[in-house]
Amino acid sequence: MSLPYRTFVIGDGLQRADLTARILTQELAGRVSVDAVEWDTSDLGGMSDAAMGAERGLSYPVPMEWHDRLAQCQILVTHFFPIRAEVLRLAESVKIIASLRHGLENVDEKLAREQGIEVINNPGRTAEPVADWAVCAIIDLVRGYSRANTALHALQWPQPFEVAPRARDLRSITVGIVGFGYVGQAVSKRLAAFGCRLLVHDPYASERVVATHGAVTVGLDTLLSQSDVVTLHVRLTPETRGMIGARELDLLQAGGLLVNAARAELVDEQALISALSSGRLGGAALDVFWSEPLGAEHPLRRLDNAVLTPHLAGSTVNSEETSAVRLAARLQPRLGSWDGG
């Protein structure tokens, strides 16, 4: 194979193709020739619906104008556009499929690898903004800022403990972090600065690594029963789906708080609504939902102890650039194995 390697980028409304192409060209100077297109999701209900469909196994038609470009590319870069059988049939020269995201739900990994194609992801690309969101959500739940803001806009003047019955200094609370990958570790660093006691549950994280962050490794049940706030930062797998159900929510202290910017399906939806409605759970901050956009009549919209944001935790003005830079670094050694560089 000869330089430069033909690279085809499929961008979308959340990761622009032109920006990604520019950064890959700069970071891999002289080693890639980049062609880029934007996935038009306007006929699919918009970017949010299209992305959810891609994550849940849907395939979408491949535009005719992409066919020749797919046939010629050696590196195929995608964000949310599904890479399944039809694309792999067209991309007859591809050697690497590179996702700009951490998750590979929109890529048929098994089929790709059966065809000798390497599949790589982009771990940690939004760890910093998601960690920022999680810590802001924890502070909001503990102190009741969103409730206070809503009350003042409604011409009310609530007393402090009306909006946050268990308001406390952050240095006096225990936070349970479920999942200690890129995001979980970034959250722990931020919370350590506030003096929080930190518990971690992650069967794949070494106790030594957890300890270096000033946290203690515990089992999930212990974490739930001892934490004032629990924040979720794990991937969605068959093992983690529904890992927080009615039993687990009952283990939380009365008035406990839950934060989720990972995947909605980690939590049993009806169990969460029931716990929030009864007051058994003091509050929840959610950036991910079981169906997006969240329906106008969804029960969560009527609960004032639910802080809701529209799947924006990882979206910042520089997150697109960070994603492309990190992916270029992931590609660099692989190109070296091709050309001896």
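The coordinates are above.
What you see is a predicted model; the values in this text were computed from it and never measured.

Asks: Looking at this structure, how should I read the overall build of the protein?
Replies: Tallying secondary structure elements over the protein gives 14 helices and 12 strands in all. A compact globule built from 341 residues would reach a C-alpha radius of gyration of about 20 Å, and the protein, at 22 Å, matches this within 12%. Reported as C-alpha extents along the three principal axes, the dimensions of the protein are approximately 65 × 45 × 35 Å. Out of the 341 residues in the protein, the part that is buried amounts to 52%. Summing over all exposed atoms, the protein offers an accessible surface of approximately 15,800 Å²; the carbon and sulfur share of this is 52%.

Asks: When you look at the pairing of strand β3 (residues 75-78) in this model, what are you seeing that I'm missing?
Replies: For a regular strand, the rule is simple: side chains alternate between the two faces of the sheet. On β3, burial covers both faces: Ile75 and Val77 on one face and Leu76 and Thr78 on the other are all buried. Bridge count between strand β1 (residues 5-11) and β3: four bridges; the pairing is parallel. Paired with Phe8 across the bridge in β3 is Leu76. By the bridge criterion, four bridges tie β3 to strand β4 (residues 96-99) in an arrangement that is parallel.

Asks: Which parts of the structure should I look at to understand the pattern of salt bridges?
Replies: Two side chains with opposite charge may pair up if their charged atoms get near one another. All chains considered together, the criterion is met by 15 salt bridges. Linking Arg190 and Glu128 is a salt bridge whose minimum nitrogen-to-oxygen distance equals 2.5 Å. In this pair, Arg190 is assigned in helix α9 (residues 182-194) and Glu128 in helix α6 (residues 127-143), connecting sequence segments 62 residues apart. Accessibility expressed as a relative area gives 22% for Arg190, which makes it partly exposed. Take Glu128: its relative accessible area is 45%, and that puts it in the partly exposed class. In this structure, Arg190 and Asp132 form a salt bridge, with 2.8 Å as the shortest nitrogen-oxygen distance.

Asks: Even after reading the chapter, I still don't get the sheet that holds strand β2 (residues 32-38), so can you show me in this structure?
Replies: Backbone-to-backbone hydrogen bonds pair the strands of a sheet. The strands run either parallel or antiparallel. Taken together, five strands build an open sheet; the order of strands is β2-β1-β3-β4-β5 and the sheet is parallel. Looking along the sheet, the strands with just one partner apiece sit at the ends: β2 and β5 (118-120). Across this sheet, the average inter-strand angle for adjacent strands is 15°, counted without regard to direction. Set on the sheet, helix α1 (residues 17-27) makes contact with β1, β2 and β3; between it and β2 the angle comes to about 170°.

Asks: When you look at the packing of aromatic side chains in this model, what are you seeing that I'm missing?
Replies: The geometry of an aromatic ring pair is captured by the separation of the ring centres together with the interplanar angle, meaning the angle of the planes. By the definition in use, this model includes four aromatic pairs. Ring centres of Phe8 and Trp66 lie 6.2 Å apart, and the angle between their planes is 75°; on these two criteria the pair is classed as edge-to-face. Placement of Phe8 in strand β1 and of Trp66 in the loop between α2 (47-55) and α3 (67-72) is noted, with a sequence separation of 58 residues between them. For Trp66, a relative accessible area of 3% puts it in the buried group. Here the aromatic rings of Trp39 and Tyr60 are separated by 5.3 Å at their centres, their planes lie at 50°, and the arrangement is tilted. Here Trp39 is found in the loop between β2 and α2, whereas its partner Tyr60 is found in the loop between α2 and α3, with 21 residues between them in sequence. What links up through ring pairs into an aromatic cluster is the set Phe8, Trp39, Tyr60, Trp66 and Phe81. Over the aromatic face of Tyr182 sits the side chain of Arg326, whose NZ or CZ is 5.6 Å from the ring centroid.

Asks: I would appreciate a short explanation of the sheet that holds strand β11 (residues 281-286) in the present structure.
Replies: Taken together, the seven strands give an open sheet; going across it, the order is β8-β7-β6-β9-β10-β11-β12, and neighbouring strands pair in parallel fashion. One side of each edge strand has no neighbouring strand; the edge strands of this open sheet are β8 (215-217) and β12 (306-308). The sheet shows a mean angle of 20° between the axes of neighbouring strands, taken without regard to direction. In terms of strand pairing, strand β7 (residues 197-201) meets β8 through three bridges, oriented parallel. Bridging from a neighbouring strand, Val200 pairs with Thr217 of β8. Strands in contact with α6 are β6 (174-178), β9 (229-232), β10 (256-260), β11 and β12; relative to β10, the strand with the most contacts, it is inclined by about 155°.

Reading the values: rules and limits
- Residues numbered from 1 in each chain as written.
- Predicted model: local features only at pLDDT ≥ 70, side-chain atom pairs only at ≥ 80, totals over all residues.
- Heavy atoms only, no water.
- Helix = DSSP H or I, 4+ residues; strand = E, 2+ residues; numbered from the N terminus.
- Rg over C-alpha atoms; globule rule 2.2 N^0.38 Å.
- Buried < 20%, exposed > 50% of the residue type's maximum accessible area, 1.4 Å probe, protein only.
- Areas by Shrake-Rupley, 256 points an atom, 1.4 Å probe, with all protein chains shown as cover.
- Pairing = 2+ DSSP bridges.
- Salt bridge = Lys/Arg side-chain N within 4 Å of Asp/Glu carboxyl O.
- Axes fitted to C-alpha atoms, helices over the stretch in contact; angles between N-to-C directions.
- Contact = heavy atoms within 4.5 Å.
- Phe/Tyr/Trp six-rings, centres within 6.5 Å; stacked < 30°, edge-to-face > 60°.
- Lys NZ or Arg CZ within 6 Å of the ring centre and 35° of its normal.

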